[in-house]
Every structure is written in structure tokens, then in C-alpha cells.
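Notes for the structure review
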Amino acid sequence: MDLSKIAVSINKAINTQEVAVKEKHARTCILGTHHEKGAHTFWAAVNRLPLSSNAVLCWKFCHVFHKLLRDGHPNVIKDSMRNKADLTDMSRMWGHLSEGYGKLCSIYLKLLITKMEFHIKNPRFPGNLQMSNRQLDEAGENDVNNFFQLTVEMFDYLECELNLFLGVFSSLDMSRSVSVTAAGQCRLAPLIQVILDCSHLYDYTVKLLFKLHSCLPADTLQGHRDRFQEQFKKLKSLFYRSSNLQYFKRLIQIPQLPENPPNFLRASALSEHISPVVVIPAESSSPESEHVVETDDLVDTDVPVLPAPVETKFDDLFGTSAAIDPFNFNSQNGMRKDDKDRLIEQLTREIQALKEELESFRLESGRLCQALRGRVNELEAELAEQSHLRLQAVGESEFLKAELDDLRRVREDTEKEQRSLTEIERKAQANEQRYTKLKEKYTELVQSHADLLRKNAEVTRQMTVARAAQDEVEAVRKEMQEKVKAAQEAADRQEREQLEHLQELQRELVSSRAELDSLKTSMASSQQSSEVLGTQLAALESEKAELVQSLSKVEAELAARGEELERVQSSLVTERESRVKSAETLQNQLNEKESREQALESQLAAARWASLQGAVEEAEKIIQDSLAQIDDPAHISCTSSADYLASRCQASLECMERLNSTRVAFLADNTGVSELVRAVTQSGHLVGDTIVQGSATSHMVPVEQADALSESVKVCGAEALALLGLMKQQDGLAAADSGKLKAALEAVLATAEKLRPRGLELQQGELGDLVEQEMAATSAAVESAAARIEEMLNNSRAVDTGIKMEVNERILASCTELMQAIKELILSSKDLQRDIVESGRGAASMKEFYAKNSRWTEGLISASKAVGWGATVMVDAADLVVQGKGKFEELMVCSHEIAASTAQLVAASKVKADKDSTKLHRLQQASRGVTQATAAVVASTKSGKSQIEETDTMDFSSMTLTQIKRQEMDAQVLVLELETRLQKERERLGELRKKHYELAGVAEGWGEDEEGTG
């Protein structure tokens, strides 16, 4: 099928005319999807249509798309899921309209999206929803959870169908014959697809609910039953209303649902369920011709209206007028007619009426003959079209045969390539043999051997490529064979279908001709029965009188209905006017609200800028006050330390980073002014404090350094004032750069670092003795800790039982292993230190070596202290845990602290060691052993904690919705409190570590310059 023809049919089916979609165009679109095995052409044509600007165009698109989803190729659903987002946006856009096609398009698009999602989630269901009971059971995979979820999805699917049903009916004026108008048929036509879907969904829902009731308690399915009851009432009402419309009577036979819904609590009721079947007549007229057919039925334009019966009735009542009876001589002479004359006149009138009736029969038979001739012409045209299609099929078959020949040629080429591949493999084998021979001469020809290796790699690569090409060619050949086979089968099947259709058309032609002959014979018989009609005329007269009486009753009823219609129309007019007024009022209120929001937004922006300017001015005052204090005589007595000045400078630099980031964020979004205000205020305080502390520190240092520090502080203040001056201007905020201020602060920080005090000096003898003492103390502490752990283990075995004893033994055993690993580490560290001292002291003594390398010695002392202290604290924590008074977390933290202390000791020990030293290797092995033992302590502690602690069973079955909501709120409050507390503890831990580093630096002389090298 030509793709251009498909595109033309799509554009003809989806147009802006408010008429129903023509069936032949929709059928061409459906056949096109089967021809191309997808919906690419359909969406390519639809994407060029202005669906968002014309509601009628969008409505007809939905109708055609619904037909494709039901009867098109299965790949239509997959191809259409790519446009799901566009359909959702279009549905949301049309949903803003409250009446007309806009609202209907929104509902229809939601239905189509739901249909696509249902079939994607449940691929076993075809687009037309036709499944057997066995297939329905397979769709649920015999799992009650799958059946439960499938029922819910079917409820949602059916709900969307019913919403479209109700939306179409509510948009039509049902007091008039809307089904005979083109506009009414345009809205009613898609409901045929909806009726087909609803019948299957109702049937499957009933069967699934019976299956669920056989597996689950009735109370669990109460919600399902309530929802089914509601949808059953709606569907029954809509089916009944649809069956009464003249439009549907010729197109579809709508089933009627039972009076009462099925009783799912009674399992035997399933046998009483009858699946609703929707019947579409085989020769039903298309929607586009329905309007003409119904109009012809209402008013017969071929047969003229005869006034003879009315005149006959008038003559029978009042006699024939003399003006139209020129042969009435008796009335002219004043004489009465005798009986014979009256009989002659009566017979004459009867003969005239029979002649007129006979003429009407002749006209009717002529019209029928003409209609039959038209039908015969249509059948002949269809026969010609089928012949044309058959010729096209023959052409396509020849084309497929040509493609088959091409595929055969491709196969021959593939065989040639395969033979060449065999030749390449043979050559590759020869090259491998040559390579084997050349390899034996490796000792004599090294360079030649390398060249041959490269050649061998290239040949191997060619072989791999050739084998891959062979596999690809084989796959292509198999695919081509399958395509050829499928094409041949499709061509044969299509040719058989066309031959069957041609034979069926021939049979219809023969039957039509036979029917024409029967009509001719019936017309001859009607002429013969004209004598019989004379006897039936009297009965017709009496029946005519009864019809006149019924006609008068109908006219009276129509008059009453007309008055009622006028009342309803007047009430609708008043209601429409009131709605227009209320809409205008709401629109005015909306405009006022928007204007107020804009004014408030401008006021809010001004308030934000004012708050920022206030913060900047306050920061300027703080810095100016700090600069003023430098020259204040009262400030000369104030002093400060270089350490504190350095901490203030570091805090000011961090605040500058935050100020820059918040400034950039404020330029991107001016609603986040609060962060910028806090950053400006904090930077003002920190920079001012830095200026004051710098001035106070300059009072404690020599004159030259004091002058340099004072000058750096003043430059910092000037740069801060310049930066704040730029931030005060709205156009200068983007150009405000804190780089110069950062440079000034870094200069002050560098000066403060130079002025920081050095550590205390120790005597040579004291430093050497201190190293030996600390290492001995650390060994003693570890030995003591191991002895205490052994004692605790014996006490636990004597007192505890069950899980507690098992947990205590596991924890104390891991602690014992950790102490052994630490002892091994200390011994290895002593040996390595002795080796370092022996190799580096020369003629000097050990104490002189320690004094010469004081920084390294102090590191060893600090690390030894930390290891001994950590071992003691961990034993105390383990004692409390075994007694049930401590926390498992404390033991884990102590383990991590010991690991960090031993790492510090290892780093301090190996800093002067030779990298190839065996004792260094032994120390590293001992360090890894400590790490593994620490991990074992943490693992045993976590395992013991999980065994001892009891977890509360979360049973919410007895709680109400309000109680669960309160518990949920309490849990959220507790989570927020714990998160806040955790954040505060982390900040406190950071401050403690910072202070620890400061104190350790002062105590160990980190700031002093190392004199001499090892």
C-alpha cells in the first residue's frame, strides 16, 4: 500500500468539518498500520495537524486514533507511547474549556492515555479486548495479587469510558432528534468504539470478581463490590439510552444488562452470568450515509404527496361541489339524484382512487427497481475495484518474486564470501605454521622474531574480523530467508482472501438479480390483486377514521410538549445569563487579585533590597568602628595572641567564600535575600574582629613586625569598605568581587602565622628519657589492659549464661586479639626506632640523636601516649558493656580511636626509616593486624548489640486512621529533633577536635622550625 495514499486518507478522515469520520478513510488508516507494522506514517501526518487550535479536528483525531488502537497493528500502541506526554499536555490544555468539544476532547484524550497504559502494563490483552476465559486466566498468571491489581486497573479503564459516555450525552440536546444531524452524528460516532470496549470490560470484571471472591474474604473486596455497583448502574442506563437512538439502530446492536447486578457472595451466580455481546450488522450503512438514509425515511422525496384521500373524505361528508361537477343536471333543475346515479358516481370515485393507488404502487416499484439497479451498479463497481486490487496483488507478488531473486543473488554472494573466508583461514593456518618454524630461531634472530610477532597479531585480527563477518552474513541470510518465506505466505493469503471476496460478490450479484425477478413477478401479481383491493377499501376507511382520532391525540400531546419545551428553554436562557454574570464577576475578582499580587511582589522586592542595604550599612559601621579603634589611645593597652588572630582570619576567609556564593545565588534568584543578609552581617563582624585583634596583636610584637601588621590590617579594612560600598548599589552588586579582600586577609593570616609562639624546649637527656618512658608506659598499659580483659572474660563465664555470655565472650575475645596486635605493633615500633637510631646517630649517643630530631621525637611521644590512653579507655568501656551498664557505641568509638592512634604511631615511626628495611615491613604487617583486629571488635560489638537489643513489633492493625496519623506526626517530630541533635553533636565534635589540635600543637611545638636534619 502506498504511504502517500495512507497520508491522504488520514488527512481526509481528520478534518475540521463537523461530520462523522468516513468509514472508508478510517479503514484505509487501519490497513496502513498493518502494512507498515506500526503507526509511524500516522503520527508523521498527525503531528503536522493543528490539534491544539481546533477542537473538532482534535475530536476526530481521537476517534481515528481509538479505531487504530482497537483494530490496528499491535505495534500501534508501542509507537504511540512516545507521544504520551504530548497527549497529556493537550488533554490538560483542552480541560480548561468547560463546554463544547474542548471538554469532550480532554475526556477522550484521558481515555486514550489510560487505554495505552493498560495495554502496556498488560500486553496479553489485545487492542480490541477480545479474549477467551483461558487467556484471561493466563493474564493473571494464577496469582490472586495479579487478579486483584488487574481488577482495579479495569475499574479505572471502565471509569474513563463511562466519563466519555456521560460527557457526550450531556453535551447533546436530547429533546431534539440530534442523531439525524451531522453535528450530532459527529459526537455520537466514537461511542461505537466505547460500547465495544465497555461490553468486554464489564464481562471480564464480573469474571475476575467471582474469581477473587473464591480466594479472598468478602470484607476485603467490599470496596470492589461498591465500585462495581456504581459502574453497573451507569453502564446499564447508558446502554438503554443508546439503544433508543435512531443513529445506533442501523449501525450496532447494543446488549441490555440484567435487571440486577450479579451476587458475588454466591458462587453459583457465575453460571447465571451471560456475557454481553455487541453485534455489528454485516451490511450496516456507514456513519456518513446514515444522515441521508434517516432523512429519506422521514420524508419520501420520490413519491409526491397525494391530496386525494382528504378530498374524498370531504366529498363523502358534504357532497361533490357543483362548481367542479359540470354534469350535475339534477341540481340545476332542482331535482334529486336517484340511487343509480349515486352508485355510478361512487363507483367512479372508487375506480379513480384505485387508479391513483395503482399509480403509487407503480411509482414505488419503479423506485425500488431503480434502487436495485443502483445496488447492482455498486456491486459491479466493487467487483471492478476488487479486480483492480487483484491486479495490484499480482503486481505486488511479482515485486516480491523480484525481491526473492535479489535475495537469492545475495545468498550466492554470501556463499562466495564464505569461500573467500575459508581461503583466508587456510592462509592463516599457513602463516601460523611459518610462525612456528621461525620461532625456533629465536636466539639468533631477536629482531626478526618481534616482526613476526606483529605479523601474527595482524593475521589473528583478520581472522577474528573474518569470523565475525561470517557470523553476520549467516545471520543476514537466515533473516532474508525468513522475510522471503513470510512475504510468500502473505501474498498467498492475500490472493486467497481476494478470490473469496470476489466469489462472494458474484453470489450477491446473482441473488440481487433473482430478487429483481421476484419483484417483477410480485408487481404482476399486484396488478391482478387490484380487484381484491376494492373489498378492502371499506376496512381501510374505518381504519382511516381511527388514525384521524389518534392523530388528533398526538397533536394535542405535541402541543403540550411544545409548551413544556418553551418553559425549559426560558429557564435555560435565564440560567445561562446568570452563569455569564457570575463568570464576569469571577474574572474581575481574578484581575484584581493579580494586580494586588503584582503590587505585593514589588513591595516585597523593595523590602528585600532595603533589608540588604541595612545589613551592608551595619557592616560598614562595624568595620569603620574597628578601624577607628586602631588609633584610639585607650586601645593601646589591649593585647591578643597570634593564634587567636590566625583563627579570626581563617573564619573571615571562610565567611568570604559564603558571602560570594550567597551573592551569586541572590543575583540568580532575588528571593533568597535572607542568606545574603546573614552572610553580610557575619562578614562585617568577623572582619571587624580581625582588624581589632590584629591591632591588639601588634602591641605584643617588635616595632617592624607591628608596623607591617598594622598596615595589613588597615588595607584589609579599606578593601572591606570598598566591597560593601559596591554592594550598596543595586547595579554594582554584580561587579562586587571579594578577591582583594581575601588577599588582604591572607596577608594578615601569613603575618600571624609568623608570629605564633614556638613549643617548649626540652633538655637532651629529658627528651631521650621521655621517649623510653612513654614507650615503656604504653607497653605496660597494653599489658594491664590484656590482663583486665582476661579477668573480665573469666568473671563473665562464671556469672553470665546464654546469649549474654556468648556475646561477652565474643567481644572480649576480639578485644584480647586487639591487645595482642597492639603489643606486636609496639615491639615492631621499638625495633624500628632502634634501627633508625643506630643507622642515623653516627658517633653521637641515643639521647643526642633524639634531641637533634626533636620534632620526630615529640611525634613518637604523642603517638605512644595516645595508644596507651586508648587501650585503657577501651578496657573500661568493655568492662561497662559486660556488666550491662555501658553502651556498645562507646566500645566501637574506642576501637576506632585505637586504630587512629596506632596509625599515628606507625607514621611517626617510619618517617625516618629506610623503605627497604625488613623491620619497617614487619611494622606495616603489625599495623594491618591492628586494623583487622579493630574491625573484628566493631563487628562483634554490632553483632552482640543486634542479638541483645529487642525490637518492638510494629503492629498497627488495631489502630485507627487518626491514631496512625498522630503516631506518624510524633515520629516526624522525633526524627527532626534527633537530626537537630545529631547536627549539634557533630559541630561540637568538630570544635573539640579543633581545640585538641591547637593544644597538641602548643604542647608539642608544631610551630617551631626544625633545627638540623636526621
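Predicted model, so just to flag it, every value in this text is computed and none were measured.

What counts, and at which threshold
- Residues numbered from 1 in each chain as written.
- Predicted model: local features only at pLDDT ≥ 70, side-chain atom pairs only at ≥ 80, totals over all residues.
- Heavy atoms only, no water.
- Helix = DSSP H or I, 4+ residues; strand = E, 2+ residues; numbered from the N terminus.
- Buried < 20%, exposed > 50% of the residue type's maximum accessible area, 1.4 Å probe, protein only.
- Areas by Shrake-Rupley, 256 points an atom, 1.4 Å probe, with all protein chains shown as cover.
- Arc of directions from axis to C-beta.
- Contact = heavy atoms within 4.5 Å.
- Axes fitted to C-alpha atoms, helices over the stretch in contact; angles between N-to-C directions.
- Left-handed = near helix turned anticlockwise from the far one by under 90°.
- Nonpolar A, V, L, I, M, F, W, Y, C, P; charged D, E, K, R; others polar.
- Phe/Tyr/Trp six-rings, centres within 6.5 Å; stacked < 30°, edge-to-face > 60°.
- Lys NZ or Arg CZ within 6 Å of the ring centre and 35° of its normal.
- Disulfide = S-S within 2.5 Å.
- Parallel < 35°, antiparallel > 145°, perpendicular 65-115°, else oblique.
- Core = buried A, V, L, I, M, F, W, Y, C linked by side-chain atoms within 4.5 Å.
- Salt bridge = Lys/Arg side-chain N within 4 Å of Asp/Glu carboxyl O.
- pLDDT = per-residue confidence, 0-100.
- Patch = residues over 30% accessible without salt bridge, like charges linked within 9 Å, V, L, I, M, F, W, Y side chains within 5 Å.
- Lys, Arg positive; Asp, Glu negative; His and termini not counted.
- Charge placed at Lys NZ, Arg CZ, Asp CG, Glu CD.

Looking at the overall build of the protein chain
The helix and strand inventory of the protein chain stands at 30 helices and zero strands. Relative to its full complement of 1014 residues, the protein chain shows a buried share of 34%. Accessible area for the protein chain stands at about 61300 Å²; split by element, carbon and sulfur atoms hold 54% of it.

Quick notes on helix α6 (residues 84-94)
The complete set of buried residues in α6 reads L87, M90, S91 and W94. The buried residues of α6 occupy an angular sector of 100 degrees when projected down its axis, which confines them to one face. Among the structural elements, α3 (40-46), α4 (55-71) and α7 (100-121) are those in contact with the buried residues of α6.

Brief notes about unusual backbone geometry
Phi is mostly negative for residues that are not glycine, and the peptide bonds are mostly trans. Even without being glycine, K37 reaches a positive phi, approximately 55 degrees. Mapped onto the fold, K37 is located in the loop between α2 (23-36) and α3. Assessed through its relative accessible area of 53%, K37 is described here as exposed. If you check the backbone angles, N142 has positive phi at about 55 degrees while not being a glycine.

Remarks on the packing of α4 against helix α11 (residues 191-213)
Relative to each other, α4 and α11 sit at 35 degrees, their axes nearing to 10 Å. Note on packing geometry: the crossing formed by α4 with α11 is left-handed. Taking contact as the criterion, the partners of H63, H66, K67 and R70 in α4 are, on α11, Q193, V194, L196 and D197. Looking at the contact of α4 with α11 residue by residue, the classes come out as two nonpolar, three polar and three charged.

Examining the packing of aromatic side chains
The full count for this structure, using the stated rule, is 18 aromatic pairs. One aromatic cluster is present, formed by Y202, F210, F228, F232 and F264 through successive ring pairs. The ring of F147 carries the charged tip of K211 above its face, separated from the ring centre by 5.5 Å.

Structural notes on the state of the cysteines
A full pass over the atoms with the stated rule returns zero disulfides. The thiol of C58 is not disulfide-bonded; the next cysteine sulfur, from C105, is found 4.0 Å away.

So, the packing of helix α20 (residues 642-668) against helix α21 (residues 673-698)
Two numbers describe how α20 lies on α21: the axes approach to 8 Å, and their chain directions differ by 155 degrees. Classified by the interaxial angle, the pair formed by α20 and α21 is roughly antiparallel. Between α20 and α21 the crossing geometry is left-handed. Considered class by class, the residues forming the contact of α20 with α21 number 15 nonpolar, eight polar and six charged.

A closer look at helix α1 (residues 3-13)
Each α-helix winds once per 3.6 residues, and so residues spaced three or four apart point in a common direction. If you check which residues of α1 are buried, you get I6, A7, S9, I10 and A13. The buried residues of α1 all sit within an arc of 160 degrees when viewed along its axis, so they share a single face.

Structural notes on the nonpolar core
Of all hydrophobic cores here, the largest spans 94 residues; its most connected members are I14, F42, F61, F125 and F248. Looking at which element gives the most residues to this core, the answer is α11, with 14 residues. When sequence neighbours within four positions are dropped, the list of residues in contact with F42 reads I10, I14, E36, F61, V64, F65 and L68.

What about the pattern of salt bridges?
Two side chains bearing opposite charge may form a pair once their charged atoms approach each other closely. Throughout the structure, instances matching the rule amount to 28 salt bridges. We note a salt bridge from D156 to R227, for which the minimum N-O separation is 2.5 Å. Taken as a pair, D156 in helix α9 (residues 144-171) and R227 in helix α12 (residues 222-243) lie far apart in primary sequence, 71 residues in all. Overall, D156 belongs to the partly exposed group, its relative accessible area being 34%. The exposure class assigned to R227 is partly exposed, which follows from its relative accessible area of 26%. R362 is paired through a salt bridge with E359; the nearest N and O atoms lie 4.0 Å apart. Residue R362 and its partner E359 are both found in helix α17 (residues 339-439); the two are separated by three residues, about one turn of the helix. The partly exposed category is assigned to R362, whose relative accessible area is 43%. Taken together, the salt bridges that share partners define one network made up of R70, K115 and D197.

Focus on the confidence of the model for the protein chain
Summing up the model confidence of the protein chain, the mean pLDDT is 77 and the portion of residues at 70 or higher is 80%. In this model residues 758-765 is a low-confidence stretch, pLDDT under 50, and it forms 14 contacts with partners more than four residues away in sequence or in other chains. Predicted confidence is poor over residues 1005-1014, with pLDDT under 50, and the contacts of this stretch with residues over four places away or in other chains come to 20 contacts.

As for a nonpolar patch on the surface
On the surface, L343, L347 and I351 cluster together to form a nonpolar patch covering roughly 270 Å² of accessible area. Along the chain, I351 turns up in helix α17. On the basis of relative accessible area, I351 is assigned to the partly exposed category, the value being 46%.

Description of the environment of K945
Here K945 shows up in helix α29 (residues 918-948). For the pair K945 and K887, spaced 58 residues apart in sequence, the C-alpha to C-alpha distance is 9.2 Å. Setting aside chain neighbours within four positions, we find K945 in contact with F888 and E889.

Structural notes on a negative patch on the surface
A cluster of acidic residues, E412, D413, E415 and E417, forms a negative patch at the surface. If you trace the backbone, D413 turns up in helix α17.

Some thoughts on the side chain of K67
By the secondary structure assignment, K67 is in helix α4. Among residues more than four places away in sequence, those in contact with K67 are E23, A26, I30, G72 and Q193.

Focus on the environment of E654
Structurally, E654 can be placed in helix α20. Here the alpha-carbon distance between E654 and S683, two residues 29 residues apart in the chain, equals 9.2 Å.

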